[in-house]
Amino acid sequence: DQQVKQNSPSLSVQEGRISILNCDYTNSMFDYFLWYKKYPAEGPTFLISISSIKDKNEDGRFTVFLNKSAKHLSLHIVPSQPGDSAVYFCAASLLGGSEKLVFGKGTKLTVNP
Amino acid sequence: KAGVTQTPRYLIKTRGQQVTLSCSPISGHRSVSWYQQTPGQGLQFLFEYFSETQRNKGNFPGRFSGRQFSNSRSEMNVSTLELGDSALYLCASSVGVTGEQFFGPGTRLTVL
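The rules behind the values
What you see as residue numbers is a count from 1 along each chain, following the sequence as written. Labels follow written order: the first chain is A, the first ligand is 1, and so on. Local features in a predicted model are, by the rule used here, given only for residues with pLDDT of at least 70; side-chain atom pairs are given and counted only at 80 or more, and totals for whole chains, interfaces and linings are based on all residues. Note that the side-chain values use all heavy atoms of the structure and ignore hydrogens as well as water. Put simply, DSSP marks the helices as runs of H or I at least four residues long and the strands as runs of E at least two long, and each gets a number from the N terminus on. The globule rule used here is 2.2 Å times the number of residues to the 0.38 power, and the radius of gyration it is set against is calculated over C-alpha atoms. Only protein chains enter the accessibility calculation, which uses a 1.4 Å probe; a residue whose area is less than 20% of its type maximum is buried, one above 50% is exposed, and one in between is partly exposed. Contact definition: two residues touch when any of their heavy atoms are within 4.5 Å. To measure how exposed things are, a 1.4 Å probe is used in the Shrake-Rupley method; for residues, cover is taken only from the protein chains shown. Throughout, a disulfide means two cysteine sulfur atoms within 2.5 Å of one another. Counting of polar contacts relies on pairs of N or O atoms within 3.5 Å, with two restrictions inside protein: one atom must be capable of donating a hydrogen and the other of accepting it, and residues adjacent in sequence are counted only when both atoms are side-chain atoms. Here a strand pair is declared whenever DSSP counts at least two bridges between the two strands. By buried area we mean the combined loss of accessible area, with a 1.4 Å probe, across both parts when two parts are placed together. Put simply, a salt bridge is a Lys or Arg side-chain nitrogen that is within 4 Å of an Asp or Glu carboxyl oxygen.

What to know about the overall build of chain A
For chain A, the helix and strand inventory stands at zero helices and eleven strands. Relative to the globule expectation of 13 Å for 113 residues, the C-alpha radius of gyration of chain A, 13 Å, shows essentially globular dimensions. Considering only C-alpha atoms, chain A reaches an extent of 45 × 30 × 20 Å along its principal axes. The buried share among the 113 residues of chain A stands at 46%. Within chain A, contacts between residues separated by at least 24 positions form 54% of all contacts whose residues are at least 6 apart in sequence. In the structure as shown, chain A presents an accessible area of about 5,300 Å², 50% of it carried by carbon and sulfur atoms.

Things to note about unusual backbone geometry
Residue Pro79(A) is reached from Val78(A) by a cis peptide bond, and omega for that bond is -15°. Residue position: Pro79(A) is located in the loop between β8 (72-77) and β9 (86-94). The residue after Thr7(B), namely Pro8(B), is reached through a cis peptide bond having omega -10°. Its location among the elements puts Pro8(B) in the loop between β1 (5-7) and β2 (10-13).

Side note on the state of the cysteines
All names here are of chain A. According to the stated counting rule, one finds two disulfides over all chains in the structure shown. Linked covalently through their sulfurs, Cys23 and Cys90 form a disulfide whose S-S length is 2.0 Å. Because the sign of the S-S torsion sets the handedness, a value of about -70° for the bond joining Cys23 and Cys90 places this disulfide among the left-handed ones. Of the two residues, Cys23 is situated in strand β3 (residues 19-25) and Cys90 in strand β9; the sequence distance between them amounts to 67 residues. Cys90 carries the same exposure label as Cys23, and that label is buried.

Some words on the side chain of Gln68(B)
All names here are of chain B. Summarising the element assignment, Gln68 is placed in strand β7 (residues 64-68). A distance of 3.2 Å separates a polar side-chain atom of Gln68 from the backbone nitrogen of Ser51. The contact partners of Gln68, leaving out residues within four places of it in the chain, are Arg30, Val32, Tyr49, Phe50, Ser51, Glu52, Thr53, Arg73 and Ser74.

Regarding the environment of Pro8(B)
Residues and elements named next belong to chain B. Of the residues examined, Pro8 reaches a relative accessible area of 31% and is grouped as partly exposed. With 100 residues separating them in the primary sequence, Pro8 and Arg108 have C-alpha atoms 8.4 Å apart. Excluding residues that lie within four positions of it along the chain, Pro8 makes contacts with Thr20, Gly106 and Thr107.

Description of the pairing of β9(A)
All names here are of chain A. Buried residues dominate β9, accounting for seven of its nine residues. Summarising the sheet, strand β4 (residues 30-38) and β9 pair through eight bridges and their orientation is antiparallel. Looking at β9, one finds that Phe30 is bridged to Leu94. The pairing of β9 with strand β11 (residues 107-112) spans three bridges and is classified as antiparallel. For Ala86, the partnering residue across the bridge sits in β11 and is Leu109. Sheet analysis places β9 next to strand β10 (residues 101-103), joined by three bridges and oriented antiparallel. Among the inter-strand pairings, Ala91 is bridged to a residue of β10, identified as Phe103.

A look at the interface of chain B and chain A
Reports often express the size of an interface as the amount of accessible area lost when the parts come together. Listed by partner, the interface residues are 24 residues for chain B and 19 residues for chain A. Between chain B and chain A the total buried area reaches about 1,700 Å² when both faces are included, carbon and sulfur atoms providing 55% of it. Counting the contacts that link chain B with chain A gives zero salt bridges. The interface formed by chain B and chain A contains six residue pairs in polar contact (both at pLDDT 80 or more). Among the elements of the structure, β4 (31-38), β5 (42-50), β6 (53-57) and β9 (87-94) of chain B are those that each provide at least two residues to the side of chain B that touches chain A.

Here it is in structure tokens:
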């Protein structure tokens, strides 16, 4: 039972354009959501997070949107740069301060020059 | 501040053997979590330790165990290795309240 789903295994965009990565979840108990970026042979790197009490959080070129009613979140990268090419993981954690993260299977983003 | 370190980076073992992986968290972080990454299953949570106590556990068999020391360093042990245990094992540390976890580079385990 996959509780966090990233339905697009890959995404290709042109440099300078917007990248939109999507994530759906099934467990309504999740209250904290995070996005990680991963390069080959490295551990995931934290990008941005959002609490369930918010619907948007921005950090520079990265914005995460949360739609609780649809159990959907998305990561927007504007403008996209070739260095953003990596695998992006969506993750969620449960109520109660749990440090257990439930990950999606990732979306490989390729930003073409 | 130094990041999360994991040793060794690469390991090759044979079926039936056991293995111990080590993780040193970021200074001041009291929570250490372990994850297994495989191509088919993605990143899966193994367990979390906080102040030397296992606080959360994932759905893995008892062959997978761990511990945490008073300095927050953690070890993970896998006994009676199986071919399917071949994976990238990632350690992550955090201050211990729901928030961002910081990952190490991982240990690549190959079971032959």
